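Okay, here's what each chain looks like letter by letter:
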Amino acid sequence: MEKRKEILNELEELSPILFKIKAEGTDKNIVVPNGYFDSVENQFLDRRMQVENEIDIDIPTDYFDNIESAVFAKIKEREIEEESKTPKRKIINISRGRERVRLSFLPLLTKIAIAATLFFFFIKGTDYFKSNQSIEEIDYLASISKTEALNYIAANTHEFETEQLVGIEFTEEIKNVEEITSEELNSYLYENINELNEEDFSEIF
Amino acid sequence: MTITDNEILAKIKLPEEKEEGFRVLMSTYKKQLYYHIRRYVSNHEDANDILQNTFLKVWVSIEQFRGDSSLYSWLYRIASNESITYINKTKKRNEIGIETQSIGEKGTADGLHSNDLVERLEKAIAILPDKQKQVFILRYYDEMPYEKMSEVLETSIGALKASYFHAVKKVEQFVLTV
């Protein structure tokens, strides 16, 4: 371990003028308010409280790391619940003037619901979710606010499996399926023809 | 009765004693750290801000302190880095200050009062590159052995010696000719 003397000798050799300044004292310009050192601990505690209050907005630890899994889990849970309640097949008639399309199978209804949802997004945008706080059907997203969950799902639709989207009841959209024009429906079917199987075709036509 | 660094750390690691242990840590190191910081900044308010920031950072990360270096070295490292960060944030203001103050001060060190020399010394340190500034302050003011400096700055002793040599020469030149 170097001794103080060695450190000073090194300085004297390197720079006599800096050695001289140091020897005469370099602390003269340092003025510390009276009693400052007695208050450091309390000042720190005040500062810490202030900082902690600033960042304390009641977000559980790891919330942002786990939100995706939490949403998926809730959706899955809801989906299973819904599956047990929903009848296997449902008939919906969509009438528009002289044209009539008869749907009597759930898988296609699913696709239509998605189409309607996406269509609704395009038309209404996220304002719908900002203004509509009464979608009781998504109460299961316990710790996540409705707006937050819907906004998240809306913004990340591509990350969800079809089945997961269907698990969510976008009440307004499903209710309004009957208002989809046949042109819109045809257009959707045309764009998603690859997703339809023979059974679907046989049931549509 | 003095308390060792290990005892302080042991206290801090117990949740019910963390606050008390931290008080002891602050009491033990506040003066050394304050005077160290005060070499980077010339006024008390700035030094107090940096000291508080240093303690906040220590509070937040103390549980991650693995004891690879001594507590003393770790605290100096944080204080030193906090000081550099702080002065870099206010660099523009400081540079303007130095430039303005230097006008009309050309001359030699001969016949200068020691207070003037100290002032010149502080100005010279202010314009050193960050790393040289840290090295110079630790060695010149804190009289820290190279082994300790190596722990604080995580730099080899050889590099520290070279850095100190260059810093001393730059400061000397500034003091003698500005």
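The sections below set out a description of the structure shown in this document. The residue numbering used here restarts from 1 in each chain and proceeds along that chain's sequence as written. Just so you know, chain letters begin at A and ligand numbers begin at 1, following the order they were written in. Restriction of local features to residues with pLDDT of at least 70 applies here, the model being predicted, together with a cutoff of 80 or more for giving and counting side-chain atom pairs; totals for whole chains, interfaces and linings are based on all residues. Hydrogens and water molecules were not included; the side-chain quantities draw on all heavy atoms of the structure.

Quick look at helix H3 (residues 44-61) of chain B now. Residue and element names in this part refer to chain B. Note on conventions: DSSP H or I runs of at least 4 residues are helices, E runs of at least 2 residues are strands, and numbering of each starts at the N terminus. One less than the number of residues in a helix, times 1.5 Å, gives the span that helix is expected to have. Here H3 spans 26 Å end to end across 18 residues, near enough to the 26 Å set by a 1.5 Å rise per residue. Only protein chains enter the accessibility calculation, which uses a 1.4 Å probe. A residue is then buried if its area is under 20% of the maximum for its type, exposed if over 50%, and partly exposed in between. Every buried residue belonging to H3 is among His44, Asp46, Ala47, Asn48, Ile50, Leu51, Gln52, Thr54, Phe55, Leu56, Val58 and Trp59, and all of these are buried. Pairs of N or O atoms are called polar contacts if they sit within 3.5 Å, as long as, within protein, a hydrogen donor faces a hydrogen acceptor (for residues adjacent in sequence, only side-chain-to-side-chain pairs). Between the side-chain oxygen at the start of H3 and the backbone nitrogen of Glu45 there is a gap of 3.2 Å, and the oxygen is on Asn43.

For the rest of this paragraph, the subject is the interface of chain A and chain B. Buried accessible area, meaning the area lost when the parts come together, often serves as the stated size of an interface. Pairs of residues are marked as contacts when any of their non-hydrogen atoms sit within 4.5 Å. With 38 residues of chain A at the interface, the matching set in chain B holds 45 residues. Considering only the side of chain A, the residues that lose the most area to chain B are Leu14, Phe37 and Phe44 of chain A, jointly responsible for 17% of the buried surface there. One side-chain nitrogen of Lys or Arg within 4 Å of one carboxyl oxygen of Asp or Glu is enough to make a salt bridge. Applying the counting rule to chain A against chain B returns seven salt bridges. As a salt-bridge pair, Glu10 of chain A and Arg139 of chain B come within 2.9 Å of each other at their nearest N and O atoms. For the interface between chain A and chain B, the tally reads 21 residue pairs in polar contact (both at pLDDT 80 or more). Among the elements of the structure, helix H1 (4-14), helix H2 (16-24) and helix H3 (36-55) of chain A are those that each provide at least two residues to the side of chain A that touches chain B. Considering every element that reaches the side of chain A that touches chain B, the biggest residue donor is H3 of chain A, with 13 residues. Residue composition of the side of chain A that touches chain B, by class: 19 nonpolar, six polar and 13 charged. By convention, the term buried area covers the 1.4 Å-probe accessible surface removed from two parts as they join, with the contributions of both added. Side-chain classes follow a simple rule in which Ala, Val, Leu, Ile, Met, Phe, Trp, Tyr, Cys and Pro form the nonpolar group, Asp, Glu, Lys and Arg form the charged group, and the remainder, Gly included, forms the polar group.

Going through the model one piece at a time under the given rule, you end up with 16 salt bridges over all chains. Close ionic contact of Glu41 of chain A with Lys30 of chain B constitutes a salt bridge, the shortest N to O distance being 3.0 Å. You can see Glu41 of chain A sitting in helix H3 and its partner Lys30 of chain B sitting in helix H2 (residues 18-38), one on each of two chains. For the pair formed by Glu41 of chain A and Lys30 of chain B, the shared burial category is buried.

Turning our eyes to something else, we now look at the environment of His44 of chain B. On the secondary structure map, His44 of chain B appears in helix H3. For His44 of chain B, a relative accessible area of 11% corresponds to the buried category. For His44 of chain B, the residues in contact, after removing those within four places along its chain, are Val31, Val32, Pro33 and Tyr36 of chain A together with Tyr34 and Arg38 of chain B.

Looking now at the nonpolar core. Nonpolar cores were defined as sets of buried Ala, Val, Leu, Ile, Met, Phe, Trp, Tyr and Cys residues, with membership established by side-chain atoms within 4.5 Å. Grouped together as the largest cluster of nonpolar side chains are 67 residues, with contacts concentrated most on Leu18 of chain A together with Leu25, Leu121 and Phe136 of chain B. Excluding anything up to four places from it in sequence, Leu121 of chain B contacts Leu18, Ile21 and Thr26 of chain A together with Phe136, Tyr140, Tyr141, Val171 and Val175 of chain B.

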